[in-house]
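# Per-entry structural report
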Amino acid sequence: MTIEIQPVDPFDDAAVNAWWDAYAAARRADLGEDATVWSREESRTELQQESATFRRRAFTATEKGVVIGSGSLALTIKDNLHVAAVGVNIPPQHRRRGVGSALLAALEEEAKREGRTTMRADIFWPASHPADGAGAANREFARRHGYDVALGDLQNRLDLPVADRMIDALLADAPADGYRIRSWVGPVPEEFVAEWAALDASLDTEAPTGDLDIEAASADVHDFRADEALQAAQNRTSFGTIAIAPDGHVAGYTQVVVSGDDGNAYQWGTLVRREDRGHRIGLRIKLENLRALQRHSPQTPRIYTFNADSNTHMLAVNTRLGFTVTARMAELQKRIA
């Protein structure tokens, strides 16, 4: 067998389609209906974006001209300049033939050429499997190639709608006295965007990080607006809610994004400033955002969210909202010379 690793031209529709087909087939084979798969057009739009913060590249593994594996490489260019995010997805009929190993080696070599020394990757397995992923094919593959679990996460799903009376009952237990709540659909209002961007940039380091070798992301407002423009181009709709502290500053934020393609909602960031924690603000803003989502997008069938399995506070919030665990995710890390 001769495997060829080739870069994908993001403006070559046939090449992107074949790359995406392999990615989606692999993810769905592992998790079935609970696979969180970016749509074909969402993925294409992201690859085509001229971003000031990321360089994103796609690769295929081919055999006799047929795509048998999908790879991705994401490089931040304003922060975390030592990190490369890699993705390897092999449809089940092409596994155990060395395809994944060849693709991963090519991605690592590309990352090395870019001066990156820490590789990151995310893998998933069903919630019914052991918590450490023992026996899951992708976990064993990662282990063989030197990738350790730096942080374990739970994927949770909330089926909608949630009854108004339940939201009201939970809100009564999260008064957030002294804080004002603001919600909106679409881009963050100008008056709040700088503080929102700063909170969002610190999410990776303020939330549980385990052994991840990462630093806070860029909080540049111009770059944040570019990311919002990408969401709009991907036909995604953002729902945002903030709590405003008595001092007038943003104390906490939460964001849910609805895919215009698969119709599902995805919980993105939720974070409360350190000095404002302990007032049940996280629960309050998530409830208010849920209510806004159900009011403006009543056809949305479910929300997916990911949280570190060590983040007991946020997991307790999710449990109270009615989320159930559907899968596990491991954030993997490998240091290379």
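Scroll up for the structure.
Note that the coordinates shown come from a computational prediction; the quantities given were computed from them, not determined experimentally. Within each chain, residue numbers correspond to sequence positions counted from 1 in written order. In keeping with the predicted nature of the model, local features appear solely for residues at pLDDT of at least 70, side-chain atom pairs appear and are counted solely at 80 or more, and the whole-chain, interface and lining totals rest on all residues. Excluding hydrogens and water, the side-chain figures rest on all heavy atoms present in the structure.

Attention now goes to the packing of aromatic side chains. Working definition: a ring pair exists when centres of Phe, Tyr or Trp rings (six-membered ring for Trp) sit within 6.5 Å. Plane angles under 30 degrees give stacked, over 60 give edge-to-face, the rest tilted. On inspection of all chains with the given rule, the structure shows seven aromatic pairs. Geometrically, the ring pair formed by Trp 20 and Tyr 23 is edge-to-face, given 6.4 Å between the ring centres and 65° between the ring planes. Of this pair, Trp 20 and Tyr 23 both sit in helix 1 (residues 13-31), three residues apart, which is roughly one turn of the helix. Accessibility expressed as a relative area gives 8% for Trp 20, which makes it buried. Strands are runs of DSSP state E lasting at least 2 residues, helices are runs of H or I lasting at least 4, and numbering of each runs from the N terminus. Only protein chains enter the area calculation, which uses a 1.4 Å probe; residues under 20% of their type maximum are buried, those over 50% are exposed, and those in between are partly exposed.

Our focus in this paragraph is the pattern of salt bridges. We count a salt bridge whenever a side-chain nitrogen from Lys or Arg sits within 4 Å of a carboxyl oxygen from Asp or Glu. If you walk through the whole model with that rule in mind, you get 31 salt bridges. With a closest N to O distance of 2.5 Å, Glu 110 and Arg 57 form a salt bridge. Here the residue Glu 110 occupies a position in helix 3 (residues 99-113), and Arg 57 occupies one in strand 2 (residues 54-63), the gap between them amounting to 53 residues. Note on Arg 57: relative accessible area 22%, which makes it partly exposed. A salt bridge links Arg 335 to Asp 213; the shortest N-O distance between them is 3.8 Å. Of this pair, Arg 335 sits in strand 12 (residues 324-335) while Asp 213 sits in the loop between helix 7 (203-206) and helix 8 (221-233), and the two are 122 residues apart along the sequence. Classification of Arg 335 as exposed rests on a relative accessible area of 55%. The exposure class assigned to Asp 213 is partly exposed, which follows from its relative accessible area of 25%. Three or more residues are tied together by salt bridges with common partners; here these are Arg 55, Arg 57, Glu 110, Arg 113 and Glu 114.

Attention now moves to the packing of helix 5 (residues 164-172) against helix 9 (residues 281-296). Packing of helix 5 against helix 9 brings their axes to within 10 Å, and their N-to-C directions diverge by 160°. Relative to helix 9, the element helix 5 is oriented roughly antiparallel. The handedness of the crossing between helix 5 and helix 9 is left-handed. Seen from helix 5, the contacting residues are Asp 164, Ile 167, Asp 168, Leu 170 and Leu 171; seen from helix 9, they are Leu 283, Arg 284, Leu 287, Glu 288, Leu 290, Arg 291 and Gln 294. Classes in brief: Ala, Val, Leu, Ile, Met, Phe, Trp, Tyr, Cys and Pro nonpolar; Asp, Glu, Lys and Arg charged; the others, Gly included, polar. For the contact of helix 5 with helix 9, the residue count by class is six nonpolar, one polar and five charged. Axis lines are fitted to C-alpha atoms, over the contacting stretch for helices. Their N-to-C directions set the angle, which ranges from 0 to 180 degrees. Here the word oblique covers every angle except those under 35 degrees (roughly parallel), over 145 (roughly antiparallel) and from 65 to 115 (roughly perpendicular). Should the near helix be turned anticlockwise from the far one by less than a right angle, the crossing is left-handed, and should it be turned clockwise, the crossing is right-handed. Pairs of residues are marked as contacts when any of their non-hydrogen atoms sit within 4.5 Å.

Mapped onto the elements of the fold, Gln 294 is located in helix 9. With a relative accessible area of 15%, Gln 294 lands in the buried category. A sequence separation of 188 residues divides Gln 294 from Ala 106, and the C-alpha atoms of the two residues are 44 Å apart. Excluding anything up to four places from it in sequence, Gln 294 contacts Leu 160, Pro 161, Val 162, Asp 164 and Ile 167. Counted as a polar contact is a pair of N or O atoms within 3.5 Å, where, for protein atoms, one must be capable of donating a hydrogen and the other of accepting one, and residues adjacent in sequence contribute only when both atoms are in side chains. At 2.6 Å, the side chain of Gln 294 and the backbone nitrogen of Val 162 are in polar contact.

This part takes up the sheet that holds strand 12. At least two DSSP bridges between two strands are required for those strands to pair. Strand order in the open sheet formed by 12 strands is 1-2-3-4-5-12-6-11-10-9-8-7, and the pairing between neighbours is mixed. Every interior strand has two partners, whereas the edge strands, strand 1 (4-7) and strand 7 (180-185), have only one. Between one strand and the next, the sheet's axes are offset by a mean angle of 25°, whatever the strand orientation. As defined by bridge partners, strand 6 (residues 148-159) adjoins strand 12 across nine bridges and the pair is classed as antiparallel. Note on strand 12: the bridge partner recorded for Asp 153 is Met 329. Sitting on the sheet, helix 1 touches strand 2, strand 3 (66-76), strand 4 (83-89), strand 5 (118-126), strand 6 and strand 12, and the angle it makes with strand 3 is about 90°. Those strands touched by helix 6 (residues 190-201) are strand 7, strand 8 (236-244), strand 9 (250-259) and strand 10 (265-272), and its axis lies near 85° from that of strand 9.

Once that is clear, we can look at helix 3. Every α-helical turn comprises 3.6 residues, leaving residues that sit three or four positions apart pointing alike. Given a helix with a known number of residues, its expected span is that number minus one, times 1.5 Å. For helix 3, spanning 15 residues, the distance from its first C-alpha to its last is 22 Å, which sits close to the expected 21 Å at 1.5 Å a residue. The set of residues buried in helix 3 consists of Val 99, Gly 100, Leu 103, Leu 104, Leu 107, Glu 108, Glu 110 and Ala 111. In a view along the axis of helix 3, the buried residues occupy a sector of 160°, so they form one face of it. Gly 115 sits one or two residues past helix 3 and shows a positive phi near 80°. It is the directions from the helix axis to the C-beta atoms that the arc portrays.

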